[in-house]
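Chain by chain, the residues run as shown.
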2 protein chains.
Amino acid sequence: MGKEEPQPRSLTIQNINPNVKEAKYAVRGELAIKSEEYRTKIAKGEGKDLPFESVISANIGNPQQLDQKPITFFRQVTSLLENPLLLEKEDVLINGLGYKKDVIERAHTLLKDVKSVGAYSQSQGAPGIRESVAKFIEERDGHSADPKNIYLCGGASAGVNALMNVICASPETGILVPIPQYPLYTATLALLNAKVVPYYLEEQSGWSTDVPGIREALSNARKEGIDVRAVVVINPGNPTGGSLSADNIASVIELAAEEKLVVLADEVYQTNVFEGKFHSFKKGLRDLQTSDKNKEGKFDNVELASLHSISKGMVGECGHRGGYYEMVGFDEEVVAQIYKFVSIMLCPPVIGQCLVELMVNPPKEGEPSYAQYKEEYDGIFKDLHTRAMALYKAFQEMEGVECQYPQGSMYLYPTIKLSDKAIEAAKKANKGADEMYCMELLDATGICIVPGSGFGQKEGTLHFRTTFLAPGTDWVSRITAFHGKFMDKYR
Amino acid sequence: MGKEEPQPRSLTIQNINPNVKEAKYAVRGELAIKSEEYRTKIAKGEGKDLPFESVISANIGNPQQLDQKPITFFRQVTSLLENPLLLEKEDVLINGLGYKKDVIERAHTLLKDVKSVGAYSQSQGAPGIRESVAKFIEERDGHSADPKNIYLCGGASAGVNALMNVICASPETGILVPIPQYPLYTATLALLNAKVVPYYLEEQSGWSTDVPGIREALSNARKEGIDVRAVVVINPGNPTGGSLSADNIASVIELAAEEKLVVLADEVYQTNVFEGKFHSFKKGLRDLQTSDKNKEGKFDNVELASLHSISKGMVGECGHRGGYYEMVGFDEEVVAQIYKFVSIMLCPPVIGQCLVELMVNPPKEGEPSYAQYKEEYDGIFKDLHTRAMALYKAFQEMEGVECQYPQGSMYLYPTIKLSDKAIEAAKKANKGADEMYCMELLDATGICIVPGSGFGQKEGTLHFRTTFLAPGTDWVSRITAFHGKFMDKYR
């Protein structure tokens, strides 16, 4: 065989795992890659021909890549966990570096639990950290929580992955997923060759969960022979920014009890709530279990897995990959299989586990680090809210754009109505009109957002998702200016 | 329905994913859980009725849970990455804490690359860190390496998981796996519902890779209709402690070229080599590609993925979950699918990525931190070697035990010959004889090791795996004493 004819390979796009090919994950797709190319070009000083001076990554909830500073208390503690030898120089820490007593104490406590952040922990996570998580849940909900039900994980994504791997038994297994949704869910179901059973959120009522709509989706799926096992709820919503009421949550749990569904409650944005307060599924479930409605034990065995993360909220430590899920109502033999599954990947990153502890057990009033913690935490919250409102106002003034009032999470997900001419042009370019819009926005302004097709949207509607994490609100006017030109171009 | 009759659940052991049920992972199985119970009991002061005073976890390569101290340079840098505000107090760092100039410089360089260790990086890993990895490979092998071929990952396990997910296309896909093996491979294949095609290592020649044996296993598997796509090689060996020669490696690559197999080279123990030197598969491949043997381009498209990790070696930072794999010879469309797969899980832990950089680019001669780094590194190496030899000597003196000379990795994997009476007793207890041996060892001495059945062994043989990480060599005599009694008990 001559050199011209290359040797055949073992792997080709034709013969690899079709489930991987099937999976879609737009948040880090073509647009994101192109925006990184622009960023590199500008960094190298080769961006002079570009119509913008900086790239704004509004495609992904990555607070610390943008403006958000880590919380000082957290990072002072983790610096000591990384180098415990510093604890031998308490005097320098306190007088030279301004570390407070509670920072030092917390480092000691965590090191006693994990021994070294360089050592594997138990697969389920360090025992002391799980105790702190249980305490946090108890205080949040007013109902007890058991550390043995807590599984620490490398970000909520890893938790979702473990849970779905155990749930999905065959190509007929289905899971109810809200549309729009964070694409982790559909991507993971594709990888597991299981079925997405979509249910649509109600845009007009702040993206609330429409329980009759879930019932209908469920009943249709079952008619088609799909074995529906679970329902995913993302609250506060990603990409929608919606926030569910206690009643809405109770109705989902009643449905789960009646229809024998596991509830997967993605609550990673639980501290990002601007309107009203956050209601947890765990509290919703325990409230029902202890109410008159449970006379016949209807709610006793509802299986609920609720997820939380250090990546979002005012913590924003996504690079550290930390989170937890609490499982209640699960059969013990099933839990043992989840344990085995997570043990194959050994353990979640230990420094991320420690950040989970810091998140759920921050400085309390009266403790030395409290004032600074509170100031930083509140400052981040305020900034997020300010930017959300600025973006919301801008969207209200943009032609053909409609946006729900910002309630929570880190995102807005406006509807855009584009002209037939724009839709035609997109078709010719073999793109969705929302994709074309986002690509033109990137090329014109350097702002990277994600088209609605990446999350799902009702047939015939178009959306995009943007974070409101980027510093300042100046970039918002870049969007407004682009939008006007885009509308004119395709008028 | 009365309270006595519980509501049915969605998930039962009968209806969950059968592939998860099928997966086995003994390293963290029943014995490990029992040993943790003993440890907790002792910690609570309730261990007085136990015949031992401490638990020795020799079941898992977890250096820092035992004696191994982290390398000071690494942890000084990571402490600054965790709290970059410290960089504003250079004077205190240097004069108060003894941090050297190169520590501070490295922190600056890494922060420039990742911006914050709390931010997501590119899914493939931070660009600057991948450049350092490529440089390290170039220096190690004398052949060039390209940062775009480097994928950082959350420990080598995450890399293996990504690669196998893409390779395994159907229940007929098979991967050649050495027996004995680290059970990650068989567990992952079980999860993916693909086929393990076992090939046996040659115990009598230091657990070398028997290429004719692989050929035979391959040909038999193909006859059975298995679509064999890849061959796993673990070098230095886990659990075997073997270390492959350059010739042995070249033969595996020749086989891969002829039979169109991806080579998955698990090289996480590459610095744990006591005899001779480590030969990388990458060098083996490039040597062949640039040799006369490649006249007809036979080796041009050999697909090799080689994995390395911060968890093992003298680094021992397994709790930080860091590693990388280099892919060469892969089709670009296949690589794009691997990229998409890893992007669904967002990115590897960023502080773990930084530790990869520190591992591959440690202080050099002449730099301020070099002397201490060298002393610590060499000290850890020497201790490991000393303990390996102590364990080896003890095994040589134990009745019915035969152990290969320790060549590398962190493990020994001796054969044990047990009496028919012992084998009978185990059968009655519904256990393998190796399992019973390990359980009795744990109950009698608090030492936790893993039975050979957890890694695989030739029919009719029995083994166990022990790490040589536990401090001192005193615990070795606990094993010797137990072994004598066990042999007498079943004589």
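Because the structure is a prediction, the values reported are computed rather than measured.

Caption draft 1: Layout of the overall build of chain A. Along its length, chain A carries 17 helices and 14 strands. Since a compact globule built from 491 residues should have a radius of gyration of about 23 Å, the 24 Å found for chain A is in line with a globular shape. For chain A, the C-alpha atoms occupy an extent of roughly 65 × 65 × 60 Å along the three principal directions. Burial statistics for chain A: of 491 residues in total, 62% are counted as buried. Looking at charge distribution, chain A has the averaged site of its 54 positive side-chain charges lying 3 Å from that of its 65 negative ones.

Caption draft 2: A look at the interface of chain A and chain B. Tallying the contact residues gives 103 residues for chain A and 103 residues for chain B. When chain A packs against chain B, the two sides together hide about 8,800 Å² of surface, and 56% of this comes from carbon and sulfur. For the pair chain A and chain B, the interface holds two salt bridges. For Glu82(A), the salt bridge goes to Arg75(B), with nearest N and O atoms at 3.9 Å. At the boundary of chain A with chain B, the tally comes to 51 residue pairs in polar contact (both at pLDDT 80 or more). Those elements that provide at least two residues to the side of chain A that touches chain B are helix H1 (18-22), helix H2 (30-43), helix H3 (72-82), helix H4 (90-96), helix H7 (156-167), helix H8 (184-191), helix H12 (332-344) and helix H13 (350-360) of chain A. With eight residues, the top contributor of residues to the side of chain A that touches chain B is H12(A). Of the residues that constitute the side of chain A that touches chain B, the class distribution is 48 nonpolar, 33 polar and 22 charged.

Caption draft 3: The arrangement of the relation of the copies chain A and chain B in detail. Overlaying chain A with chain B gives an RMSD of 0.0 Å, the required rotation being 180° about an axis along which the chain moves by 0.0 Å. Here the transformation between the copies is reduced to the relation of a two-fold axis. Among all residues of chain A, the one whose C-alpha sits closest to the rotation axis is Ser79(A), at a distance of 2.0 Å. Here 100% of the contact residues of chain A are again contact residues in chain B; the copies associate through an equivalent surface.

Caption draft 4: Inspection of the packing of helix H14 (residues 370-397) of chain B against helix H17 (residues 474-489) of chain B at higher detail. Residue and element names in this part refer to chain B. Two numbers describe how H14 lies on H17: the axes approach to 10 Å, and their chain directions differ by 15°. Considering the angle they form, H14 stands roughly parallel to H17. Between H14 and H17 lies a crossing of right-handed hand. Contacts between H14 and H17 involve Ala390, Leu391 and Ala394 from the former and Trp475, Val476 and Thr480 from the latter. Grouping the constituent residues of the contact of H14 with H17 by class yields five nonpolar, one polar and no charged.

Caption draft 5: Quick peek at the nonpolar core. By size, the foremost hydrophobic cluster in this structure holds 351 residues, and its most contacted members are Leu176(A), Tyr325(A), Leu176(B) and Tyr325(B). If near-sequence neighbours (up to four positions away) are discounted, Leu176(A) is found in contact with Val197(A), Tyr199(A), Ile214(A), Ala217(A), Leu218(A), Val228(A), Ala230(A), Val231(A), Val232(A) and Leu261(A).

Caption draft 6: Region of interest: the domain arrangement of chain A. All names here are of chain A. Each assigned domain of chain A is listed here: domain 1 (18-55 + 376-490) and domain 2 (113-360). The gap between the C-alpha centroids of domain 1 and domain 2 is 28 Å. Summing both sides of the interface, domain 1 and domain 2 together bury roughly 2,900 Å²; the carbon and sulfur share of this comes to 60%. Between the two partners, domain 1 and domain 2, sit zero salt bridges. Per element, the largest residue contribution to the side of domain 1 that touches domain 2 is six residues, and it comes from helix H14 (residues 370-397). For the side of domain 1 that touches domain 2, the class distribution of residues is 17 nonpolar, 11 polar and five charged.

Caption draft 7: Representation of the UniProt feature "domain: Aminotransferase class I/classII large" (unreviewed entry) in chain A within the structure. The positions UniProt marks with the feature "domain: Aminotransferase class I/classII large" (unreviewed entry) are residues 103-473 of chain A. Structurally, residues 103-473 of chain A comprises 42% helix and 15% strand, and the distance from its first C-alpha atom to its last is 34 Å.

Caption draft 8: Main features of the environment of Glu36(B). With respect to the secondary-structure elements, Glu36(B) resides in helix H2 (residues 30-43). For the pair Glu36(B) and Ser57(B), spaced 21 residues apart in sequence, the C-alpha to C-alpha distance is 8.9 Å.

Caption draft 9: Region of the structure containing helix H16 (residues 433-445) of chain B. All names here are of chain B. Between its first and last C-alpha, H16 extends 18 Å over 13 residues, near the 18 Å set by a 1.5 Å rise per residue. Of all 13 residues in H16, 10 are buried, a share of seventy percent or more. Every buried residue of H16 is accounted for by Ala433, Asp434, Met436, Tyr437, Cys438, Met439, Glu440, Leu441, Leu442 and Thr445. Positive phi appears at Gly446, one or two residues downstream of H16, with a value of about 80°.

Caption draft 10: Representation of the side chain of Ser208(A) within the structure. Here Ser208(A) is to be found in the loop between strand S4 (195-200) and helix H9 (211-223). Setting aside residues up to four positions removed in sequence, Ser208(A) forms contacts with Leu201(A), Glu202(A), Leu244(A) and Asn248(A).

Caption draft 11: Seen up close, the pairing of strand S5 (residues 227-234) of chain A. Residues and elements named next belong to chain A. Where burial is concerned, most of S5 is hidden: seven out of the eight residues are buried. Alignment of strand S3 (residues 173-179) against S5, held across four bridges, turns out to be parallel. Bridge pairing links Leu176 to Val231 in S5. Pairing analysis gives five bridges linking S5 to strand S6 (residues 262-266), with the strands arranged parallel. Among the inter-strand pairings, Val233 is bridged to a residue of S6, identified as Ala265. Following the backbone out of S5, through helix H10 (residues 246-259) and into the adjacent parallel S6, one traces a crossover that is right-handed.

Definitions and cut-offs
Residues numbered from 1 in each chain as written. Chains lettered and ligands numbered in written order. Predicted model: local features only at pLDDT ≥ 70, side-chain atom pairs only at ≥ 80, totals over all residues. Heavy atoms only, no water. Helix = DSSP H or I, 4+ residues; strand = E, 2+ residues; numbered from the N terminus. Rg over C-alpha atoms; globule rule 2.2 N^0.38 Å. Buried < 20%, exposed > 50% of the residue type's maximum accessible area, 1.4 Å probe, protein only. Lys, Arg positive; Asp, Glu negative; His and termini not counted. Charge placed at Lys NZ, Arg CZ, Asp CG, Glu CD. Contact = heavy atoms within 4.5 Å. Buried area = accessible area lost by both parts, 1.4 Å probe. Salt bridge = Lys/Arg side-chain N within 4 Å of Asp/Glu carboxyl O. Polar contact = N/O pair within 3.5 Å; in protein donor to acceptor, adjacent residues only side chain to side chain. Nonpolar A, V, L, I, M, F, W, Y, C, P; charged D, E, K, R; others polar. Least-squares fit on C-alpha atoms with pLDDT ≥ 70 in both. Axes fitted to C-alpha atoms, helices over the stretch in contact; angles between N-to-C directions. Parallel < 35°, antiparallel > 145°, perpendicular 65-115°, else oblique. Left-handed = near helix turned anticlockwise from the far one by under 90°. Core = buried A, V, L, I, M, F, W, Y, C linked by side-chain atoms within 4.5 Å. Domains from an automatic or database assignment. UniProt positions renumbered as here; feature names shortened; annotations may be inferred. Expected span 1.5 Å × (residues − 1). Pairing = 2+ DSSP bridges. Right-handed = clockwise from strand over helix to strand, strands pointing away.

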